[in-house]
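Architecture at a glance
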Amino acid sequence: MPNSQLTPGIVPGRLPATAYDRNFDDHLPALDAHEARVAADRCYFCHDAPCVTACPTDIDIPLFIRQIATGTPEAAARTIWTQNILGGMCARVCPTETLCEEACVRQTAEGKPVEIGLLQRHATDVAMASNRHPFSRGPATGKSVAVVGAGPAGLACAHRLAMKGHEVTVFERRPKPGGLNEYGIASYKAAGGFAAREVDWLLQIGGITVKCGVELGRDLTLADLQRDFDAVFLGIGLQGVNALRAEGEDLPGVANAVDFIADLRQSSDLSKLPVGRDVVVIGGGMTAVDAAVQSKLLGAETVTIVYRRGPEKMAASGYEQDHALQAGVRIIHNAAPFRVTGNGRVEAVDFAYTEDGPDGLKLLDEGFTLKADQVFKAIGQTLTGVPEGVMVAGGKIAATPARVWAGGDCAAGGEDLTVTAVAEGRDAAEAIHAFLTGA
Amino acid sequence: MADLTSSFIGIKSPNPFWLASAPPTDKEYNVVRAFQAGWGGVVWKTLGSEGPPVVNVSGPRYGAVWGADRRLLGLNNIELITDRPLEVNLQEIKSVKRAWKDRALVISLMVPCDEDSWKDILKRIEDTEADGVELNFGCPHGMAERGMGSAVGQVPEYIEMVTRWVKKHSRMPCIVKLTPNISDIRRPAEAAKRGGADAVSLINTINSITSVNLDDFSPEPMIDGKGTHGGYCGPAVKPIALNMVAEIARNAETHGLPISGIGGVTTWRDAAEFMALGAGNVQVCTAAMTYGFKIVQEMISGLSDYMDRKGFTSTADLVGRAVPNVTDWQYLNLNYVTKAQISQADCIQCGRCYAACEDTSHQAIAMSPDRVFTVKDEECVACNLCVNVCPVENCITMVPMQKGVVDPRTGRKVGDYANWTTHPNNPMSVKAAE
Ligand SMILES: Cc1cc2nc3c(=O)[nH]c(=O)nc-3n(C[C@H](O)[C@H](O)[C@H](O)COP(=O)(O)OP(=O)(O)OC[C@H]3O[C@@H](n4cnc5c(N)ncnc54)[C@H](O)[C@@H]3O)c2cc1C
Ligand SMILES: Cc1cc2nc3c(=O)[nH]c(=O)nc-3n(C[C@H](O)[C@H](O)[C@H](O)COP(=O)(O)O)c2cc1C
Ligand code: SF4
């Protein structure tokens, strides 16, 4: 008998074969040309626009929207890419509801912002369809830069350096470039292999060599890089995962949400990817939401997110939380797991209610138990593999030796978002360029 | 429900909404559907003289200007007068009028500029029992090149002459339709009046090129690689039409001459505005061509509700009511001072007022670091630009200053009415005391 949503345990193929394509397709369909013009017409072309201030990469939003409105989406895309070379991915994954769209004056006016994210996607999609890379390399400077990590921070840094004429080598420990764009972002946000397409498109500028399967700390050292290159950029993200610190968390069936998502992203046939019948996700950020929603889309019967504080403290935005609820995920607030139980593998999780008071979080005596055959830990990623000589403070890289820069999730400052990583990678490239050319 | 019945130069109709002479009125089928929908009257699509009818292009005949959601803002056409045989039109007119006695049916005419042609056509239409004729001196394309339409309408002497012929050879009420493609609309209106016209109607379409194809380098609509100017109509032309109606209504020589208002009428409000500026009724073409005949229902309910609100018992209460308030610039009160005021409760902080005033006007709006926008009364000249660019209705208003209060911009007290004619800076000023 084929598996169904009711099959116990962690099994593949819970849904009819046709369901997967539909479930993991674009969750927000792209605007067509006419819809884009209508949406663009709503922009007021604000003076010193608040949406621009809210964008970590400072895209000139009113300008690119006006370019769409006048029927020149390619020009709009250039405006976007000038500031944010991963504008296509950011259009899909940015929590616009807490960035540009939250700042849009039409949000203030009527609770309905200009659809900046969808418009940005329209422009970049149209322009990428021509498969012509809009930027070219500057005259060769003879300088070389090593970039560690091919995530958004590393790629943005590499592209900007190439534009300036430097020779760039990117070292990436995973088999594919893209970082969390390739291994982390929810599949329905970047459907159709977009992450890989965007990296290919980005590399068309030339002057960037990507070496995958090479890990700093294992295959080479920072000292090697400092010796062989004029400058080094570290964009190594957060490779560790926080532990639950609950009894029984090593039982089979308990996994890291990011690993589950990485498997899901790399799966070529989602009907072969196993998922539990009763899935419990611990955490309150985007990772928790993505793991929960995608478990549901794979056919889990019940999926519950349990977060130890209230809804307003969740790192996932209100929009993301609604998205989870609409997908059929249950969210329980103010509860923390203290024990995972099961005979040889996970069967249930015991929770205690919490109280979030002035002197921190307190576990109450009252609690409950959730049936679970799969448990995902999504309580935050941590910085690991920091090379010697690099100073860490508050879990992030705080200072680097001479000729070494860092940016993205691994570095201090800014939220852990794709767009922030792009901004930091780009700005580091500018700093490196200034240093190398003595400008 | 207010009484909307209208009597325009003695032609009665249940409401003041007529369809203008154009495709919607080109045949019995359309006109019957229009009457069924509730239109008060029609001006039948322009008839030419006996003989083989004119020929229209078989390529596209319309060009357009759209808003973002493809709202049609302006239409242009290169259509000619009716291309159906005269006899067919006459039979249909007769049959329609017989079936719809309470509706107005006026026939639009355009024939060569000689007395016999006009005498002949007037004879041909005599037994249709139509209520009147409209002389089409307006068509700006195709017909003008044959010495008709706006070729006549641009020469006041011809208008007067042809109108005279029509009045001589027919007892029907005669409306002269004016072309806006002229520098002073009062001259042709005066000529029509001198010739004995019972009314004028305006405007016909405006010479225009709506757009250029930037790949084939031809005006649109493009016919086999070429285009030509066409007549512009629809919402975009309303301001031009309103001004021309007002000019005729307030001109001493033509004051009181009945006017049928045309040009961009799309809603009841447009109609009411034309009527307030002196139009006895209105004619509609593009709005019907865009949305179908049903729009007249909104015009009827809207005008009726408005009249009820205002306590107007007949359309005559509205007609011409704004005419006395249309004046020349030199008579405007130069001592009337207003200041822009921004309602902080309504402001959404887009900064458009700031950009407009700072970049292009009088630097009279201040912007604080936290995006609070305030008017500097000492700089504000009350130009109204901030009001016009503000996306929020009634967020910025113009507040008049009371008499006797000092205007911080000029340092002078707000005084009594005084206009340019007596202003000290005017070299031709009339000394008030003398
Ligand atoms: C599940 C999940 C969902 C997310 N969803 C969103 C979202 O919807 N929107 C959003 O804005 N953000 C989202 N984020 C956050 C976003 O993905 C990150 O902020 C962003 O990817 C950070 O970019 P980065 O380049 O700093 O790091 P990463 O993307 O993590 O890239 C780091 C790269 O460095 C490589 N690397 C690490 N160590 C070494 C080494 N020693 N040697 C060689 N290579 C190394 C890694 O393999 C990786 O490819 C999500 C994150 C997760 C985990
Ligand atoms: C396609 C078309 C054909 C027209 N043909 C005539 C015509 O034969 N006779 C005429 O007097 N006016 C003609 N007009 C002008 C209209 O009657 C009317 O004056 C003009 O369109 C302005 O009104 P509107 O803005 O409501 O369309 C035509 C207009 C259009 C769009
Ligand atoms: S805030 Fe909104 S309306 Fe203003 S420029 Fe940005 S997108 Fe346009």
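Every chain's residues receive numbers from 1 upward, in the order its sequence appears when written. Chains and ligands are labelled by the order in which they are written, letters from A for the one and numbers from 1 for the other. Per-residue local features are limited, in this predicted model, to residues with pLDDT of at least 70; the limit for side-chain atom pairs, both in listing and counting, is 80 or more; totals at the level of whole chains, interfaces and linings are taken over all residues.

As annotated in an unreviewed UniProt entry, chain B carries the name dihydrouracil dehydrogenase (NAD(+)) and comes from Fuscovulum blasticum DSM 2131. UniProt positions are given in the numbering used here, feature names are shortened, and annotations may be inferred rather than shown by experiment. UniProt, in its Sequence similarities (unreviewed entry) section for chain B, records the words "Belongs to the dihydropyrimidine dehydrogenase family."

Going by an unreviewed UniProt entry, chain A carries the name Dihydropyrimidine dehydrogenase and comes from Fuscovulum blasticum DSM 2131.

A word on the overall build of chain B. Counting its secondary structure elements, chain B contains 13 helices and 22 strands. Taken over the C-alpha atoms alone, chain B extends approximately 75 × 60 × 45 Å along its principal axes. Relative to its 434 residues, chain B shows a buried fraction of 44%. Residues are scored as being in contact if the C-beta atoms we place from backbone atoms lie within 7 Å. Partitioning the contacts of chain B with sequence separation of at least 6, the portion at a separation of at least 24 is 70%. Each helix is a run of H or I in the DSSP string that is no shorter than four residues. Each strand is a run of E no shorter than two, and both are numbered from the N terminus. Counting other C-beta atoms within 10 Å of a residue's own tells you its class, since 20 or more makes it buried, 12 or fewer makes it exposed, and anything in between is partly exposed; those C-beta atoms are placed from the backbone.

So, about the site of ligand 1. Residue and element names in this part refer to chain A. Neighbouring residues of ligand 1: 39 residues in total, closest Gly149, Gly151, Gly179, Gly237 and Gly408. Going through the elements one at a time, helix 10 (152–163), strand 2 (167–172), helix 14 (257–266), helix 15 (286–298) and helix 17 (418–437) are the ones with two or more residues in the shell around ligand 1. Structurally, the shell around ligand 1 is a two-domain feature, drawing no fewer than three residues from each of domain 2 (144–239 + 383–437) and domain 3 (241–378). Here is the check we use: build the C-beta atom from the backbone, and if it is within 6 Å of the molecule or strand, call the residue near. An automatic or database domain assignment supplies the residue ranges for each domain.

What follows covers the UniProt feature "domain: Dihydroprymidine dehydrogenase" (unreviewed entry) in chain A. UniProt marks residues 22–130 of chain A with the feature "domain: Dihydroprymidine dehydrogenase" (unreviewed entry), using the numbering shown here. Structurally, residues 22–130 of chain A is divided into 61% helix and 0% strand, and its ends, taken at the C-alpha atoms, are 27 Å apart.

Residue and element names in this part refer to chain A. Relative orientation of the contacting elements helix 10 and helix 17 amounts to 35°, with a least axis distance of 7 Å. The interaxial crossing formed by helix 10 with helix 17 has right-handed handedness. Where helix 10 approaches helix 17, its residues Pro152, Ala153, Gly154, Leu155, Ala156, Cys157, Arg160 and Leu161 are matched on the opposing element by Thr418, Ala421, Val422, Glu424, Gly425, Arg426, Ala428, Ala429, Glu430, Ile432 and His433. Axes here mean lines fitted to C-alpha atoms, for a helix over just the part in contact, with angles spanning 0 to 180 degrees between N-to-C directions. By definition, turning the near helix anticlockwise from the far helix through less than a right angle yields a left-handed crossing, and turning it clockwise yields a right-handed one.

On to the site of ligand 2, then. Residues and elements named next belong to chain B. Near ligand 2, the surroundings consist of 28 residues, among which Ala20, Thr46, Cys233, Cys285 and Thr286 are the closest. Taken together, the elements giving at least two residues each to the shell around ligand 2 come down to strand 4 (41–47), strand 6 (72–77) and helix 9 (286–291). Classifying every residue of the shell around ligand 2 by side-chain character gives 13 nonpolar, 12 polar and 3 charged. Residues were grouped as follows: Ala, Val, Leu, Ile, Met, Phe, Trp, Tyr, Cys and Pro as nonpolar; Asp, Glu, Lys and Arg as charged; and all remaining residues, including Gly, as polar.

The next thing to look at is the domain arrangement of chain B. As a measure of interface size, the accessible area lost when the parts come together is often cited. Parsing chain B into structural domains produces domain 1 (6–325) and domain 2 (329–422). Taking only C-alpha atoms, the centre of domain 1 of chain B and the centre of domain 2 of chain B are 41 Å apart.

Before going further, it helps to spend a moment on the sheet that holds strand 9 (residues 174–177) of chain B. Residues and elements named next belong to chain B. An order of 3-4-7-8-9-10-15-16 is seen for the 8 strands of this closed barrel, with the pairing classed as parallel. Neighbouring strand axes in the sheet, compared pairwise and without regard to direction, differ in orientation by 25° on average. We call two strands paired when DSSP finds no fewer than two bridges between them. Pairing geometry for strand 7 (residues 104–109) and strand 8 (residues 132–136), over 4 bridges, is parallel. Opposite Ser108, over in strand 8, you have Glu134 as the bridge partner.

Turning our eyes to something else, we now look at helix 2 (residues 33–41) of chain A. One turn of the α-helix equals 3.6 residues, which is why residues spaced by three or four share an orientation. Residues and elements named next belong to chain A. Looking only at helix 2, the buried set comprises Ala36, Arg37, Ala39 and Ala40. The arc that holds every buried residue of helix 2, seen down its axis, measures 165°, which confines them to one face. Looking at the packing, one finds that the buried side of helix 2 touches helix 4 (61–69) and helix 9 (116–129). In this context, the arc is that of the directions from the helix axis out to the C-beta atoms.

As a further point, take helix 7 (residues 238–250) of chain B. Working rule for helices: expected span equals 1.5 Å times residues minus one. Over its 13 residues, helix 7 of chain B runs 18 Å from end to end, which matches the ideal 18 Å to within 8%, given 1.5 Å per residue. All of the buried residues along helix 7 of chain B are Lys238, Ala241, Leu242, Met244, Val245, Ala246, Ile248, Ala249 and Arg250 of chain B.

Take the interface of chain A and chain B next. Taken together, the 11 residues of chain A in the interface contact 11 residues of chain B. Among the elements of the structure, helix 2 and helix 8 (105–110) of chain A are those that each provide at least two residues to the side of chain A that touches chain B. Residue composition of the side of chain A that touches chain B, grouped by class: 6 nonpolar, 2 polar and 3 charged.

Before going further, it helps to spend a moment on the sheet that holds strand 11 (residues 206–208) of chain B. Residues and elements named next belong to chain B. The strand order 5-6-14-11 describes an open sheet built from 4 strands, whose pairing is antiparallel. The sheet terminates laterally at strand 5 (62–66) and strand 11, the two strands that pair on one side only. Across the sheet, the mean angle separating the axes of adjacent strands is 35° when strand polarity is ignored. Pairing geometry for strand 5 and strand 6, over 5 bridges, is antiparallel. From the neighbouring strand, Tyr62 faces strand 6, where its bridge partner is Asn77.

This paragraph deals with the UniProt feature "domain: FAD/NAD(P)-binding" (unreviewed entry) in chain A. UniProt feature "domain: FAD/NAD(P)-binding" (unreviewed entry): in the numbering of this structure it lies at residues 144–425 of chain A. Secondary structure content for residues 144–425 of chain A is 26% helix and 30% strand, and the end C-alpha separation is 16 Å.

Let's shift gears to the environment of Asp263 of chain A. Residue and element names in this part refer to chain A. Residue position: Asp263 is located in helix 14. By the C-beta count within 10 Å, which is 13 here, Asp263 ends up partly exposed. The spacing of Asp263 and Pro152 is 111 residues in sequence and 20 Å in space, taken between C-alpha atoms.

It is worth spelling out the environment of Trp420 of chain B at this point. All names here are of chain B. Relative to the elements of secondary structure, Trp420 occurs in the segment after strand 22 (412–413). The exposure class assigned to Trp420 is partly exposed, which follows from the 15 C-beta atoms found within 10 Å. The spatial distance from the C-alpha of Trp420 to the C-alpha of Lys294 is 48 Å, given a sequence separation of 126 residues. Here Trp420 is in contact with Gln330, Leu334 and Asn426, once residues within four sequence places are set aside.

The nonpolar core is taken to be a set of buried Ala, Val, Leu, Ile, Met, Phe, Trp, Tyr and Cys residues joined by way of C-beta atoms within 7 Å. Core analysis: the largest hydrophobic core is formed by 152 residues, its most contacted members being Val232, Phe233, Val281 and Ala292 of chain A. The residues touching Val232 of chain A, leaving out its near neighbours within four places in the chain, are Ala146, Val148, Leu222, Leu225, Gln226, Arg403 and Val404 of chain A. Among the nonpolar cores identified, the runner-up in size contains 94 residues, and Val152, Cys174, Ala191 and Ala276 of chain B belong to it.

With that out of the way, let us pick up the confidence of the model for chain B. Every residue is assigned a pLDDT by the predictor, reflecting its confidence on a scale from 0 to 100. For chain B, the average pLDDT comes to 95, and 98% of its residues sit at 70 or higher. This prediction of the complex comes with two scores: 0.86 for pTM and 0.76 for ipTM.

Let's shift gears to the domain arrangement of chain A. Residues and elements named next belong to chain A. Domain boundaries assigned for chain A yield domain 1 (33–129), domain 2 (144–239 + 383–437) and domain 3 (241–378). Between domain 2 and domain 3, the contact holds 5 residues from the first and 8 residues from the second. The residue inventory of the side of domain 2 that touches domain 3, partitioned by class, reads 2 nonpolar, 2 polar and 1 charged.

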